[in-house]
Amino acid sequence: MSTSTNTVSTRTAGANTAGEVVLDVSDLSVAFPTEEGLVQAVSNLSYQARLGRTLAIVGESGSGKSVSSMAVLGLHNPKRTRITGSIKLDGLELVGAPASTFQKIRSTKAAMVFQDPQSSLHPFHKIGKQIAEAYQAHNKVSKQIAHKRAVEMLDLVGIPNPQRRANQYPHEFSGGMRQRAMIALGLVNNPKLLIADEPTTALDVTVQAQILDLVNDLQKEFGSAVILITHDLAVVAETADDILVMYAGRGVEKGSAKEVLAQPSMPYTYGLLQSLPSHSEDLDELKAIPGAPPSLLNLPSGCSFHPRCQFKDQVPGDACFTQLPEWRPTPGLSNREIRCHLADPVATLQLDEGAR
Amino acid sequence: MSDQTLLKVTDLQRHFPFREVQGLKMVRATVRAVDGISFTVKQGQTLGLVGESGCGKSTTSRLVTRLDEPTAGSIEFEGRDITHLKEHQLRGIRRDVQMIFQDPYSSLNPRHTVGSILTTPLKVHGLHKGKEKQRVQELLELVGLNPEHINRYPSEFSGGQRQRIGIARALAVEPKLIIADEPVSALDVSIQAQVMNLLAKLRDELDLAFIFVAHDLGVVRHFCDQVAVMYLGKIVEYGDKKKIYEAPEHPYTQALLSAAPDINVARGIAPKERIRLVGDVPSPIDPPSGCRFRTRCWKAQDVCAQQEPPLVAAEADISTRGRREGGLHLQACHFPEVKTDLVAEVEHSA
């Protein structure tokens, strides 16, 4: 990057490389051996993140959305975690890579913004210093230049008075400001991939809207790939291009975010969308999914969702109970893949929606 | 639902004084958590309190349950003034007003069985003497849990099930009013709907009144009859749900509705207008003069800094007086203006 001029390099290359695959995860499994048994947190997960696009990974707690993303940055303790499969970041294989490889790619190729900005910034160090330190770790520049860069980054993420703010401590920032500083910290080395793990869950509604707008704007400017991990489907609706829905450690539906939310074709996605109350209409009763997500210590046989699925009777034989559904394109929809045994899920779900 | 007023809150205030060291001086300061709010809840009615963190919604619920004593103002329950009652005088109120908490993990004692958690309120109030176990099993069944699980510990239940135990505990003493402070926000999306449906069912069956504190506008619209929008310890808009959501007049309500992501956007129904607020909520220690929202408001003028706008009948109600539909709608803004296009319009194919 152009350290000589000390300007925030707004990568315009985004335009001609947009759509290029930055992160290619295939057949990823993450398991944690515990005293009670093996916790199968992620099983055979595959997805890709592309430059200039936002991929939303959606699921409930325990669905493996955070665990799989932490594997990308090598944040699991290798002694206590079993990771198999492949994670290719910009062509570099990360599964089984040594700690030194992860040190190099963190911040330069991939960065992460966590849910709670209060606990992910160091309370004893000034904001500016923390950002400058991350810049100096990967660029041989003087302290002054690194500090200048930190101030520019704070300005870029919309922090007023960045010169003064850089010399303040995290506790002097409000929640929204802290999350902006976290984003500045994540982007300081121009990573190709930004993983945002529930970036707005701890924030108020009006501040959440500001942060989501900021992430969208920065993505346009930097042209990087963004992975947005969230449980909030409404946030996905307003920000993401692509979506991957996870359930019990597996992907169950993927496609264009707008299309999936407008017309889900897998019973779990459908159930989730049906169960949401909206602030723009009145409903008599919410259509809840019965039961609770399964324990990762003891996953159900066949399709993990079958104990809660209301459509399993419509699949001939006992496929739902015994066979794990493989990824396949949804019949009748383009650019959509699901893991479901239903012969014609679109028609089945439409029929159900009409009947209600 | 009857017309009987259950709870009447008038000009309620709660200030928390504290001392702060500034340089070499000790300075006295006050957090004005709740600063003069009034509302009523009728029997069987549900009032939603919405607002961002620090607006005083949780303090209000603690005051109404008398877990905390107000600095000024009054709380009347069934016509009786309970504002400054002593602990021993509150016995009856404790039975009539119950609370459901946000976090089902920390609100149940991990060392007590479900049976013991649910029997305690019965013993305290001397209810169902000799038949406590039977009543506990009834309660478990009422909230959709297996009555045979009476001897299990909270750790053996999932988050959604624990919240059901919390609900059963609140119902044990047959209350008239339940204060639910963010009862579903700690739960997974697919479980939230189950608990919401359970609460709605119980409300209808037992004719309960609710004060429902939440930040999720979708959940509030689904569950409440009336909504009070709070900002920095004040109510800025208060009225029937339909008016607040479909014809809000206060700029803060409008911004809140506009900022909340809505799932209908994905279904191709976009709201027509977007309002984005700048900055954060100011500190309640030294709130802005006049209208508290003026520092973030796009309509703010000089008068907003000088005069505090009172909570008065909404503009639309005044201009159409005589032929208005009726129903409650109050707002506190110097320049109210109806906006009807902030939430997506959903066409219903009856």
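All of these numbers come straight from a predicted model, not from anything done at the bench.

A. View of the overall build of chain B. When helices and strands are counted, chain B shows 11 helices and 12 strands. For 350 residues, the compact-globule estimate of 2.2 N^0.38 gives 20 Å, and the C-alpha radius of gyration of chain B, at 22 Å, lies within 12% of that figure. With respect to the three principal axes, the spread of C-alpha positions in chain B is 65 × 65 × 45 Å. Burial statistics for chain B: of 350 residues in total, 45% are counted as buried.

B. Spotlight on the environment of Leu73 of chain A. All names here are of chain A. Relative to the assigned elements, Leu73 resides in the loop between helix H2 (65–72) and strand E4 (82–89). With 20 C-beta atoms packed within 10 Å, Leu73 lands in the buried category. A sequence separation of 14 residues divides Leu73 from Ile87, and the C-alpha atoms of the two residues are 9.9 Å apart. Discounting residues that sit within four places of it in the chain, Leu73 has contacts with Phe102, Arg106, Ala110 and Met112.

C. Inspection of the pairing of strand E3 (residues 46–50) of chain B at higher detail. Residue and element names in this part refer to chain B. Of all 5 residues that make up E3, 5 are buried, and the element is covered over most of its length. With burial as the criterion, each face of E3 is covered, one bearing Thr46, Gly48 and Val50 and the other bearing Leu47 and Leu49. For E3 and strand E8 (residues 209–213), the ladder comprises 4 bridges, and the chain directions are parallel. Residue pairing in the sheet places Leu47 in a bridge with Ile211 of E8.

D. View of the packing of helix H8 (residues 175–187) of chain A against helix H9 (residues 205–222) of chain A. All names here are of chain A. Where H8 contacts H9, the two axes come as close as 10 Å, and the packing angle between them is 20°. Relative to H9, the element H8 lies roughly parallel. Seen from above, H8 lies across H9 with right-handed handedness. Residue-level contacts link Gly175, Gly176, Gln179, Arg180, Ile183 and Leu187 of H8 to Val207, Gln210, Ile211, Leu214, Leu218 and Phe222 of H9. Partitioned by chemical class, the residues of the contact of H8 with H9 number 7 nonpolar, 4 polar and 1 charged.

E. Geometry of helix H5 (residues 127–138) of chain A. Here H5 of chain A has its buried residues at Ile127, Gly128, Gln130, Ile131, Ala132, Ala134 and Tyr135 of chain A. Looking at the buried positions of H5 of chain A, the neighbouring elements they touch are helix H6 (143–156), helix H7 (162–165) and H8 of chain A.

F. Molecular detail of the sheet that holds strand E5 (residues 92–93) of chain A. Residues and elements named next belong to chain A. A sheet is described by the order of its strands in space; here 4 strands give the open sequence E2-E1-E4-E5, paired in antiparallel fashion. Pairing within the sheet leaves two strands with one partner each, and these edge strands are strand E2 (37–50) and E5. Examined bridge by bridge, E4 and E5 share 2 bridges and lie antiparallel to one another. Among the inter-strand pairings, Lys88 is bridged to a residue of E5, identified as Glu93.

G. Summary view of the domain arrangement of chain A. All names here are of chain A. Split into domains, chain A comes out as domain 1 (20–124 + 176–245) and domain 2 (263–355). Taken over C-alpha atoms, the centre of domain 1 sits 26 Å from the centre of domain 2. In this assembly, 9 residues from domain 1 lie in contact with 10 residues from domain 2. At 4 residues, the largest contribution of residues to the side of domain 1 that touches domain 2 is made by E2. Its residues placed into classes, the side of domain 1 that touches domain 2 shows 4 nonpolar, 3 polar and 2 charged.

H. Region of the structure containing the interface of chain B and chain A. Taken together, the contact between chain B and chain A spans 38 residues of the former and 39 residues of the latter. Elements represented by at least two residues in the side of chain B that touches chain A include exactly helix H6 (189–206), helix H7 (217–223) and helix H9 (251–259) of chain B. Its residues placed into classes, the side of chain B that touches chain A shows 20 nonpolar, 11 polar and 7 charged.

I. Examining the confidence of the model for chain A more closely. Of all residues in chain A, 95% attain a pLDDT of 70 or more, and the chain-wide mean is 88. For residues 1–16 of chain A, every residue scores under 50 in pLDDT, and the model assigns this stretch 24 contacts once sequence neighbours within four places are set aside.

J. Summary view of the pairing of E8 of chain B. Residues and elements named next belong to chain B. Among the 5 residues that make up E8, 5 are buried, leaving the element largely enclosed by the rest of the structure. By the alternation rule, side chains of E8 split into Ala209, Ile211 and Val213 and Phe210 and Phe212, which are all buried. Sheet topology places strand E7 (residues 177–181) next to E8; 5 bridges connect them, and they run parallel. Looking at E8, one finds that Ile179 is bridged to Ile211. Regarding the hand of the β-α-β motif, the stretch spanning E7, H6 and E8 is right-handed.

Conventions used here
Residue numbers restart at each chain and count upward from 1, following the sequence in its written direction. Numbering of ligands from 1 and lettering of chains from A proceed in the order in which they are written. In keeping with the model being predicted, local features are shown solely for residues with a pLDDT of at least 70 and side-chain atom pairs are shown and tallied solely at 80 or more, while totals for entire chains, interfaces and linings include all residues. Here a strand is any run of E in DSSP of at least two residues, a helix any run of H or I of at least four, and the numbering for each starts at the N terminus. Using C-alpha atoms as the atom set, the radius of gyration is obtained and then compared with a globule rule of 2.2 Å times the number of residues to the power 0.38. Put plainly, a residue is buried at 20 or more neighbouring C-beta atoms within 10 Å of its own, exposed at 12 or fewer, and partly exposed in between, counting only other residues' C-beta atoms, which are placed from the backbone. Residue pairs are scored as contacts if the distance between their C-beta atoms, which are placed from the backbone, is within 7 Å. Paired strands, in this sense, are two strands between which DSSP finds at least two bridges. All axes here are fitted lines through C-alpha atoms, helices being fitted over the stretch that makes contact, and every angle between N-to-C directions spans 0 to 180 degrees. In this scheme, roughly parallel covers angles under 35 degrees and roughly antiparallel covers those over 145, while 65 to 115 is roughly perpendicular and the rest are oblique. It is the rotation of the near helix from the far one that decides the hand of a crossing: anticlockwise by less than a right angle makes it left-handed, clockwise makes it right-handed. Residues are grouped as follows: Ala, Val, Leu, Ile, Met, Phe, Trp, Tyr, Cys and Pro are nonpolar; Asp, Glu, Lys and Arg are charged; every other residue, Gly included, is polar. An automatic or database domain assignment supplies the residue ranges for each domain. A score between 0 and 100, pLDDT records how confident the predictor is in each residue. When the strands point away from the viewer, a crossover counts as right-handed if the route from the first strand across the helix to the second turns clockwise.

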